[in-house]
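As a plain string of letters, each chain reads:
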Amino acid sequence: MVNEYLAEVKANMSGIPADERDELLQFYEEQMMDAGLTTDEIVAKYGSPKQFARTLKVEYFIESDNDAAQDAPAGKRTKNLTMMILLIVLGLFASPILIPLAIVVVVGIMSVLAIFLMILAGIYMGIVGH
């Protein structure tokens, strides 16, 4: 039962190198066997074999990306971070709903800053004026 479930998971894990895939599946097989889970319990915990395979693939690629980022020189990491921030900003401004919202936020921040500066100027004039 566990082996059938994991065989279906393995069939849906294309794109991951065979040795990495086998290592992942062996880990989960040991975990499932040690817990004595039935097929129904496995499905309840991990989802269908296809869903579980997707989850494992996402985790694998995120981990691979993080490992690659850590191995990269500091300048390249900064460049990647800058590019990610730029893409997020572009994504925000690409949305027709978020453009007016961004303008409101910027104007709001500028207004708060102006009020703060006026308060400081009033305090300064009150102290120096007397």
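The preceding data block contains the structure.
Residues numbered from 1 in each chain as written. Predicted model: local features only at pLDDT ≥ 70, side-chain atom pairs only at ≥ 80, totals over all residues. Heavy atoms only, no water.

Draft legend 1. Highlighting the packing of aromatic side chains. According to the stated counting rule, one finds five aromatic pairs in the structure shown. Plain terms: the ring middles of Phe 27 and Tyr 28 are 5.1 Å apart, the flat faces sit at 85° to each other, and that makes the pair edge-to-face. Chaining the aromatic ring pairs together yields one cluster made of Tyr 5, Phe 27, Tyr 28, Tyr 46 and Phe 52. (Phe/Tyr/Trp six-rings, centres within 6.5 Å; stacked < 30°, edge-to-face > 60°.)

Draft legend 2. Expanded view of the environment of Lys 10. Residue placement: Lys 10 occurs in helix H1 (residues 2–11). Each C-alpha atom, one on Lys 10 and one on Arg 21, is 7.4 Å from the other, the two residues being eleven residues apart in sequence. Excluding residues that lie within four positions of it along the chain, Lys 10 makes contacts with Arg 21, Asp 22 and Leu 25. (Helix = DSSP H or I, 4+ residues; strand = E, 2+ residues; numbered from the N terminus. Contact = heavy atoms within 4.5 Å.)

Draft legend 3. Expanded view of the nonpolar core. In terms of nonpolar packing, the biggest core is built from 16 residues, with Tyr 5, Val 9, Met 32 and Phe 52 touching the most fellow members. Only H1, helix H2 (18–35), helix H3 (39–46) and helix H4 (49–71) provide two or more residues apiece to this core. Leave out the neighbours within four places in its chain, and Tyr 5 touches Met 32, Ile 42, Val 43, Tyr 46, Gly 47, Ser 48, Pro 49 and Phe 52. (Core = buried A, V, L, I, M, F, W, Y, C linked by side-chain atoms within 4.5 Å. Buried < 20%, exposed > 50% of the residue type's maximum accessible area, 1.4 Å probe, protein only.)

Draft legend 4. The arrangement of a negative patch on the surface in detail. On the surface, a cluster of negative charge is made up of Asp 19, Glu 20, Glu 23, Glu 59 and Glu 63. Looking at the negative patch, the elements with two or more residues in it are H2 and H4. For the negative patch, the leading source of residues is H2, giving three residues. Examined against the element boundaries, Glu 23 turns out to sit in helix H2. (Patch = residues over 30% accessible without salt bridge, like charges linked within 9 Å, V, L, I, M, F, W, Y side chains within 5 Å. Areas by Shrake-Rupley, 256 points an atom, 1.4 Å probe, with all protein chains shown as cover. Salt bridge = Lys/Arg side-chain N within 4 Å of Asp/Glu carboxyl O. Lys, Arg positive; Asp, Glu negative; His and termini not counted. Charge placed at Lys NZ, Arg CZ, Asp CG, Glu CD.)

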